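What the coordinates show
The residues making up each chain are set out below.
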Amino acid sequence: MRVWLLALLPGLLFAQSLREFEKKVTEFTLPNGMRFLIIERHEAPVVSFHTYVNVGSVDDPSGESGIAHMFEHMAFKGTAAIGSKNWPKERASLAHIEEVYDKLDAEKRKGFRADPKKIEANQAELKDAIATADGFVEENEYDRIVESNGGVGMNASTAEDSTNYFYSFPENRIELWFLLESERFLHPVFREFYKERDVVREERRMRVESSPQGKLVEALLATSFAAHPYRVMPGGWGSDIDNFREPEAEQFYKKYYTPGNITIGIAGDVNPAEARRMAEKYFGRIPKAPLPPMVRTVEPKQEGEKRVAVESPAQPFLAIAYKRPSQYSPDDAALDVLSDILSGGRTGLIYKELVRDKKIALGAGSQDTFPSGKYPALFLFYVIPSQGHTLEENEKALYAIIEHVKKEKVDDATIARVRIKLRAALIRKLDSNSGLASELCSYSVNYGDWRKLFTELEEYDKVTADDVQRVAKTYLIENGRTVAYTVAPAEGGAK
Amino acid sequence: MKRILLAACLAACLAGGLFAQAVASYKDLKYPPLPQVKIPEPTTFTLSNGMRVFLLEDHELPLIHGLAMVRTGNLFDPPDKKGLSEFTASVLRSGGTKVKTGDQIDEELENMAASVESSMDETSGSMSFSALKENGDTVLGVFKDVMTSPEFRQEKLDLAITQTRSAIGRRNDDASAIPDREMARIVYGPATPYGWQVEYEDLLHIHRDDLVQFYRRYYFPKNIMLAVYGDFKISEMKEKLEKLFAGWTVEQPPVPKFPEVTAKPAPGIYFAEKSDVTQTFFAMGELGGTLRDKDYAALQVAANILGQGFTSRLLSQIRTKLGYAYDVSASWSANWDHPGTFTIRGSTKSQSTTETLQAVRVELDKMRTAEVTPRELDEAKDGVLNSFVFFFDSPAKTLNRVMRYEYYGYPKDFLFQYQKAISAVTRADVLRVAKERFVPENLAIVAVGNPKEFGKPLSVLGKVNAIDLTIPEPKSDTKPESPKADAAAVERGRALLKRAQQAMGGADKLAGVKDMIQSVDMAMGGTKMKQQNRWIAPTTFRQEIQPIGIVAYSDGKSGWLSMPQGLLPMPPPVLKQAQGEIFREWITLAMSDRDSSRTVAATGPNAVEISSADGQSARLEFDAGTGLPGVLIYKETGVGGPPSEIRETFSDWRDVDGIKLPFKALIEQNGKKTGEASVSEIKLNTGIKPEELSMKPEPVKK
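Since this is a predicted model, take the numbers as computed values, not measurements. (Residues numbered from 1 in each chain as written. Chains lettered and ligands numbered in written order. Predicted model: local features only at pLDDT ≥ 70, side-chain atom pairs only at ≥ 80, totals over all residues. Heavy atoms only, no water.)

It is worth spelling out the overall build of chain B at this point. Regarding its fold elements, chain B presents 21 helices and 25 strands. Over its C-alpha trace chain B gives a radius of gyration of 33 Å, far above what one expects of a compact globule, namely 27 Å for 702 residues. Long-range pairs, those at least 24 residues apart, make up 70% of the contacts in chain B between residues at least 6 apart in sequence. Accessible area of chain B: about 31400 Å², with a carbon and sulfur share of 55%. Across chain B, the 87 positively charged side chains and the 90 negatively charged ones have centroids separated by 3 Å. (Helix = DSSP H or I, 4+ residues; strand = E, 2+ residues; numbered from the N terminus. Rg over C-alpha atoms; globule rule 2.2 N^0.38 Å. Contact = heavy atoms within 4.5 Å. Areas by Shrake-Rupley, 256 points an atom, 1.4 Å probe, with all protein chains shown as cover. Lys, Arg positive; Asp, Glu negative; His and termini not counted. Charge placed at Lys NZ, Arg CZ, Asp CG, Glu CD.)

Pasting the structure below:
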């Protein structure tokens, strides 16, 4: 595998390493549109699986924020054959829950004229209906099968632009994965929906409501974006979650979990021909369906700085975000390079200035695209002030760095360093099955070709000091800026 | 036309859907045996200077990595310099070497997209490097220089201390991190290296020389193991390392054993209040065991059935069935060389706090009273045995394991002994170890949350002990360069204070004041308030604030707080503020030289620092012309907030019964103006009684 060394050299030689890697990758698409990427890596008899669904919280319908995430949870609830003690009876009882819930909703919709007694009676009936259905559930059977067969790292995540399901099996369980994964996306059963809704609500309490930084980021996004769905965090709003209905999640699944919208990465000790045979057998069963619609809302141009204060008894924290174009912009590579110059490692300007030399920040950094990249997004800075130093002081110092980057061109050595770092980062990504499965899926879906993982290095090589200066001047401007910061709550008590 | 239609239909059918081919149940799948795992065998040897080396080739990617273990740990921190080992490890890298500063090393390494790092754990120090193959030699050279000739430059120690001070100040911000930390303190004991935490005070005692001494004591070849893996040839690497480290031959006596754990069970319910969360975070724990424990495998199985993974009892019951929590788990975390803890942790919405803790207890009791089902046992064992291959899925894991076994003195085949032990665990074993080791009576239950939103109060579960999260201020922080030791400064301080007493009307007059009533109009931010302060010498104090309707009373030791929501005992942070107010009461402060528990020392030509034995302190600055104390500066820790510096500037001095007192004050916090106070009336020696001050307000009738 000596060829990897070539990846370090620019130009033509680099293309050879890509060709070498291509030998390990098998790509195919089923007639129903589902795409597979198989990466052979025979170092150990283990395999990692990654299902990348091209749907995320940006696709949540209005009033149902968080529903993409809610379905992700339901994807672990099993099927008719997995997770039920008595499917016919369970199915009837699940239908009954919805009938009762419909009655309850119908009464609630009367608003001021609703009869509280009827509501109470309906709620009691709903509770009973749920208890009856729960009686038929074989708890967590889907998870149990995976875990007892030696599956590791099983989890899923819902982001703004994607939903991901992943875990690894010993090599002799490959077919089990094909069976389980195809079953759950072919005919999932939405059992225990209303309890899982509580769990999802708890997750929001943990990640957002009880986390000072979570609250600040939520305020930043809601302030910065006026219209685009990036304004809502993937978890959704608490009141939307509280009112999710099972048919809403089912509708969402039917619309977005179509085979053409799903890409699967399999990396490890796997035979591509075998994998293809199993893919056809198991996933070929999923009927072809139209691709879901794309988000139509385009964020209007921001016409001035926005600021938002978040009351928090925690220590101060600051986030500053600038509007930037999507990952498909020709400026994307230059923005990546800019971010690395500003905050990469211990040589990043922000670290050197705020943390190391002025000692006014405990930590500070930037992220080139936030919260995601498929749509126009944000270039984010964050600062955690040191004790005894204020947010104002840090904000000022950060702006001085930004102005400096706009005025002075970075030197060639800095550009060269960033290129090397980005190359090495790619090589280091290639040493795990789970990383490979996920990266290749992500690049394939986001750019139409997994090879972009390699070819984007060529784009980085083309970025010049002029480009870096130009994108800083173009995007890091006051009119596109949103500043979110914490303030101490007003205090009562002794003076 | 017809034919085409039929063809389209056929294509659609073949593509799936209408005649979906039935697949077998997962139960019918047959699994071939796994191919034999190739476990690479590391090459081990000892360099001539005594350093142990472990090498493994891995040619998949053009990278070289290294990891060294140093026999030391933060368990060796001196009690008054907690954190020393971690400062040593971090400044070892950031402080540079004899010939290069840390910043130069940063640049050099990042120009090669390489890294060299150094860190400290409980029972080991570690150093690592990672390099592209082509830079292997250069990076290895930097790694060796950092390890063998660190310079510990002062500026980097200063930076590390600044960073740590900020981190201490932020340690209560994230509620989810508090329970584990507090539980460790309770389970191991806060005065032992296993339970203590680094405080502001420690930072004052750590100097560059301490780092140098710590480094010398522990960083020597015979005390270090080094593992290197990646794209190289063993024979070449062996030669390279021998040459590279040949000149480093320092020796030290063998490092002593790590201290024993001396903890006794400290069961109980411990609660810390945090008002800015909607969830309660909890951890309950007791002392566990080591990896050598004969029951380790059975304990692992038992803990897994109780609370590991999506299928565990805790998750099934509390997340899936009750919907109380997103996250709840149990773990038997055994350490290599000293007992770990058995811990159940999780979080739940505030309303269901008590119910969740009760539900956890029910599951724990079930583990102790009945055997687990055969299916539970099989699945837990299968989970471990079927995923066993993942222990060997990368050469790095294998190499790391081999080195760690040797470091802690474990047999080479320990992992396979464990595999065998897991296979042998029975249902009776699980019940027995659960009974013996998961002892509810020993559990320390720590919860952090907002009690105002609790459905059932925690006290339903038993007596609740309050945890004070206040971060202790350093005892000596407000005294620059210890004025106590300087007799001349004390002399000058007293003289300055005496001059001030004279300017205020004379020491005898001041000493004659036994009580004071002060009415103040305050403007803070946009809010206007009326304050009435009543004080009886020496330490009885009552403050009323209108229109908010707050009354605070303290006798200096305890107190109460009445707010529109009700009356409560004064919480520790507020009590601290009240004690500060009492300490700074005008008359007492001006007469500090007559109080033997106070020290007065000059800190400048017109400034004194007054401090008390119980940790209070304040700085007074005098008007050079009049001698009156025009400025008062002190530190105050807000309720849950960071400590801030308060500066009060006085003016409008008026005569009250022959004593000069200020009627106006400007209040600044951390250099920013936050309020103005204007006194409307001061009355002295009114004869008020302590009972009047301690009288609680009538509850408001609804």
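Read on, since the account is not over.
Looking now at the overall build of chain A. A count of helices and strands for chain A gives 18 helices and 11 strands. Since a compact globule built from 495 residues should have a radius of gyration of about 23 Å, the 25 Å found for chain A is in line with a globular shape. For chain A, with 495 residues in total, the buried portion stands at 61%. When contacts within chain A are restricted to residue pairs at least 6 apart in sequence, those whose partners lie at least 24 apart make up 80%. (Buried < 20%, exposed > 50% of the residue type's maximum accessible area, 1.4 Å probe, protein only.)

For the structure on display, the rule yields 58 aromatic pairs over all chains. Considering the side-chain rings of A:F49 and A:Y167, the 6.4 Å spacing of their centres and the 55 degrees angle between planes classify their relative orientation as tilted. Of this pair, A:F49 sits in strand β3 (residues 46–53) while A:Y167 sits in strand β5 (residues 163–170), and the two are 118 residues apart along the sequence. In this pair, the class of A:F49 matches that of A:Y167, namely buried. Its guanidinium or amino end placed over the ring of A:F76, A:R184 lies 4.7 Å from that ring's centre, counting from NZ or CZ. The ring of B:Y407 carries B:R71 above its face, with NZ or CZ at 4.1 Å from the centroid. (Phe/Tyr/Trp six-rings, centres within 6.5 Å; stacked < 30°, edge-to-face > 60°. Lys NZ or Arg CZ within 6 Å of the ring centre and 35° of its normal.)

Let us now look at the sheet that holds strand β7 (residues 306–311) of chain A. The strands making up a sheet associate through backbone hydrogen bonding, with each pair oriented either parallel or antiparallel. Residues and elements named next belong to chain A. One open sheet holds the five strands; their spatial order is β7-β11-β8-β10-β9, and the pairing between them is mixed. In the strand order of this sheet, the two ends are held by β7 and β9 (361–370), each with one partner. When strand polarity is set aside, the average angle formed by the axes of neighbouring strands in this sheet is 15 degrees. By the bridge criterion, five bridges tie strand β8 (residues 318–324) to strand β11 (residues 481–487) in an arrangement that is antiparallel. Bridge pairing in β11 links Y322 to R481. Helix α12 (residues 332–343) contacts β8, β9 and β10 (377–385) of the sheet and is inclined by roughly 175 degrees relative to β9. (Pairing = 2+ DSSP bridges. Axes fitted to C-alpha atoms, helices over the stretch in contact; angles between N-to-C directions.)

Now for the environment of A:K301. Residue and element names in this part refer to chain A. In this structure, K301 sits in the loop between α11 (272–282) and β7. Residue classification places K301 among the exposed residues on the basis of a relative accessible area of 65%. Note: C-alpha distance between K301 and G480 (179 residues apart in sequence) is 8.2 Å.

So, about the environment of B:I633. Here B:I633 shows up in strand β22 (residues 629–637). Aside from chain neighbours lying at most four places away, what touches B:I633 is B:A618, B:R619, B:E621, B:E645, B:I646 and B:R647.

Listed per partner, the contact involves 97 residues of chain B and 91 residues of chain A. Applying the counting rule to chain B against chain A returns nine salt bridges. Taking the shortest distance from any N to any O, the salt bridge between A:R356 and B:D103 comes out at 3.4 Å. Taken together, the connections running from chain B to chain A amount to 38 residue pairs in polar contact (both at pLDDT 80 or more). (Salt bridge = Lys/Arg side-chain N within 4 Å of Asp/Glu carboxyl O. Polar contact = N/O pair within 3.5 Å; in protein donor to acceptor, adjacent residues only side chain to side chain.)

What follows is about α12(A). Residue and element names in this part refer to chain A. The terminal C-alpha atoms of α12, which comprises 12 residues, lie 17 Å apart, in line with the 16 Å expected from a rise of 1.5 Å per residue. Of all 12 residues that make up α12, 12 are buried, and the element is covered over most of its length. Among the residues making up α12, those that are buried are D332, A333, A334, L335, D336, V337, L338, S339, D340, I341, L342 and S343. Directly after α12, the chain includes G345, whose backbone phi takes a positive value near 55 degrees. (Expected span 1.5 Å × (residues − 1).)

Residues and elements named next belong to chain B. Orientation of helix α10 (residues 296–307) relative to helix α16 (residues 427–437), taken along the N-to-C sense of each, is 85 degrees, at an axis distance of 9 Å. In terms of axis orientation, α10 runs roughly perpendicular to α16. Residues A298, L299, V301 and A302 of α10 touch α16, and the partners they reach there are D429, V430, V433 and R437. Classifying every residue of the contact of α10 with α16 gives six nonpolar, no polar and two charged. (Parallel < 35°, antiparallel > 145°, perpendicular 65-115°, else oblique. Nonpolar A, V, L, I, M, F, W, Y, C, P; charged D, E, K, R; others polar.)

Turning to the pairing of strand β2 (residues 35–40) of chain A, a few remarks are in order. All names here are of chain A. With five bridges connecting them, strand β1 (residues 25–29) and β2 associate as antiparallel partners. In the sheet register, T29 faces β2, and the bridge partner there is R35. The hairpin formed by β1 and β2 contains five residues between the paired strands, and G33 there has a positive phi angle of roughly 100 degrees.

Time to look at the packing of helix α2 (residues 84–94) of chain B against helix α5 (residues 154–169) of chain B. All names here are of chain B. Direction vectors running N to C along α2 and α5 enclose 130 degrees, while the axes themselves pass 9 Å from each other. As judged from the angle between their axes, α2 and α5 are oblique. Judged by the sense of rotation from one axis to the other, the crossing of α2 with α5 is right-handed. Residue-level contacts link F87, S90, V91 and S94 of α2 to K156, L157, A160, I161 and T164 of α5. Here the contact of α2 with α5 is built from residues that sort into five nonpolar, three polar and one charged. (Left-handed = near helix turned anticlockwise from the far one by under 90°.)

Time to look at unusual backbone geometry. Following A:F370, the chain continues to A:P371 via a peptide bond in cis, the omega torsion being 0 degrees. Relative to the helices and strands, A:P371 resides in the loop between β9 and β10. Note that the residue after B:A537, namely B:P538, is joined by a cis bond; omega there is -5 degrees. By secondary structure assignment, the location of B:P538 is in the loop between β14 (527–536) and β15 (540–546). A positive phi is found at A:E192, a non-glycine position, where the angle reads about 55 degrees. Along the chain, A:E192 falls in the loop between α6 (174–186) and α7 (193–209). Positive phi is not limited to glycine here, since B:F152 has a value of about 50 degrees. Residue position: B:F152 is located in the loop between α4 (136–148) and α5. The buried category is assigned to B:F152, whose relative accessible area is 2%.

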